[in-house]
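Per-entry structural report
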Amino acid sequence: RMHRILDHTLRFMRYSVQDMTAELYQDACTHLQETYENLDLEKLKQIVSRLKASKQIVLLGDDHELQDFYTFQIDCLANGISTYMVSIWEAENVMPSVLNEQDTLLYLELYERWRSDKVVEAMMKVKQMGVQIVAVAQEANSLENIADITLSYGKKHTLNDGYYSLPLLSRLFSELIYHTF
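Below is a short write-up of the structure. The model shown is predicted, which means the values in this text are computed figures rather than measured ones.

Some points on the sheet that holds strand S5 (residues 149-152)
- Pairing in this open sheet of five strands is parallel, and the strands run S2-S1-S3-S4-S5 from one edge to the other. Here the strands that pair on one side only, and so sit at the sheet edges, are strand S2 (82-87) and S5. On average, each strand axis in the sheet is inclined to that of its neighbour by 15 degrees, with strand direction left out of account.
- Of the pairings in the sheet, the one linking strand S3 (residues 104-109) to strand S4 (residues 132-137) comprises six bridges and is parallel in character. Opposite Thr-104, over in S4, you have Gln-132 as the bridge partner.
- Lying on the sheet, helix H5 (residues 70-78) is in contact with strand S1 (56-61), S2 and S3; it crosses S2 at an angle near 155 degrees.

Some words on helix H8 (residues 165-176)
- A rise of 1.5 Å per residue sets the reference length of H8, with its twelve residues, at 16 Å; its end C-alpha atoms lie 16 Å apart and thus fit the reference within 8%.
- For H8, the set of buried residues is Ser-165, Leu-166, Leu-169, Ser-170, Phe-173, Ser-174 and Leu-176.

Overview of the packing of H5 against H8
- Following both chains from N to C, one finds H5 and H8 inclined at 10 degrees, their axes separated by 8 Å at the closest point. The angle between H5 and H8 places the two elements in the roughly parallel class. The segment H5 lies against H8, with Thr-71, Phe-72 and Asp-75 engaging Ser-170, Phe-173 and Ser-174.
- In terms of residue class, the contact of H5 with H8 is made up of two nonpolar, three polar and one charged.

Comments concerning the side chain of Glu-65
- Tracing the backbone shows Glu-65 in helix H4 (residues 63-68).
- One polar contact links the side chain of Glu-65 to the main-chain amide nitrogen of Asp-62, over a distance of 2.8 Å.
- Reaching out from Glu-65, the side chain makes a polar contact with the backbone nitrogen of Leu-110 at a distance of 2.8 Å.
- Dropping the residues within four chain positions of it, Glu-65 is found in contact with Leu-108, Glu-109, Leu-110, Tyr-163 and Leu-166.

Observations concerning the pattern of salt bridges
- Counted by the stated rule, this structure contains six salt bridges.
- With a closest N to O distance of 3.3 Å, Lys-45 and Glu-42 form a salt bridge. Here Glu-42 and Lys-45 lie together in helix H3 (residues 41-53), a separation of three residues that amounts to about one turn.
- Asp-148 is paired through a salt bridge with Lys-127; the nearest N and O atoms lie 3.2 Å apart. Taken together, the residues span a long stretch of sequence, with Asp-148 in the loop between S4 and S5 and Lys-127 in helix H7 (residues 117-128) at a distance of 21 residues.
- Sharing partners across several salt bridges, the network here consists of Arg-11, Glu-23 and Asp-27.

Points about the packing of H3 against H8
- At a minimum axis separation of 10 Å, H3 and H8 run at an interaxial angle of 60 degrees. The pairing of H3 with H8 is recorded here as oblique in orientation. Where H3 crosses over H8, the two elements pack in a sense that is right-handed. Taking contact as the criterion, the partners of Leu-44, Ile-47, Val-48 and Lys-52 in H3 are, on H8, Leu-172, Phe-173 and Leu-176.
- Among the residues forming the contact of H3 with H8, the class breakdown is six nonpolar, no polar and one charged.

Examining the packing of aromatic side chains
- What the rule picks out here adds up to four aromatic pairs.
- Between Phe-12 and Tyr-15 the ring centres are 5.1 Å apart and the planes differ by 90 degrees, which places this aromatic pair in the edge-to-face class.
- On the basis of relative accessible area, Phe-12 is assigned to the buried category, the value being 9%.
- Look at Tyr-15 and you get partly exposed, because its relative accessible area is 33%.
- Put simply, the rings of Phe-69, Phe-72 and Phe-173 pair up and form one aromatic cluster.

Rules used in this analysis
Residues numbered from 1 in each chain as written. Predicted model: local features only at pLDDT ≥ 70, side-chain atom pairs only at ≥ 80, totals over all residues. Heavy atoms only, no water. Pairing = 2+ DSSP bridges. Helix = DSSP H or I, 4+ residues; strand = E, 2+ residues; numbered from the N terminus. Axes fitted to C-alpha atoms, helices over the stretch in contact; angles between N-to-C directions. Contact = heavy atoms within 4.5 Å. Expected span 1.5 Å × (residues − 1). Buried < 20%, exposed > 50% of the residue type's maximum accessible area, 1.4 Å probe, protein only. Parallel < 35°, antiparallel > 145°, perpendicular 65-115°, else oblique. Nonpolar A, V, L, I, M, F, W, Y, C, P; charged D, E, K, R; others polar. Polar contact = N/O pair within 3.5 Å; in protein donor to acceptor, adjacent residues only side chain to side chain. Salt bridge = Lys/Arg side-chain N within 4 Å of Asp/Glu carboxyl O. Left-handed = near helix turned anticlockwise from the far one by under 90°. Phe/Tyr/Trp six-rings, centres within 6.5 Å; stacked < 30°, edge-to-face > 60°.

Okay, here's the thing in structure tokens:
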């Protein structure tokens, strides 16, 4: 995380507040545009269909990523799908004890270099138990050996600072949970 702080400190060191605001706004628009233009709608439908068929869903991510998906959790619960949020810090202790082959793990990730070995081990353990894994990540291709379905978002090879795309994807999931395909 220090890398991110240092990057921002150096990036905006000589910027006026107006210029910094304009550049951050442009960053947000660029990331959202990339997500919109590259969103695989068939894969999105496949993910939502899988989630709707699940006995229960476990959302796995860091606290900020999980906050973006609170409304999705409520929408799943309203549709009779038990849905739990598990912090990446608790993954190894919680996930294997609550999941089975009728369930889906929805892994939310911002930046692949922040992915810990313990999270990967926990995901591999539940995968061996027959749990379906869906990964929503900026660099989702790095999760193809773990996840059954991957969905990429944002501008490739950036940190997608500000989590621009995850709220959009959460809203899409929430809306689509009520749709039939």
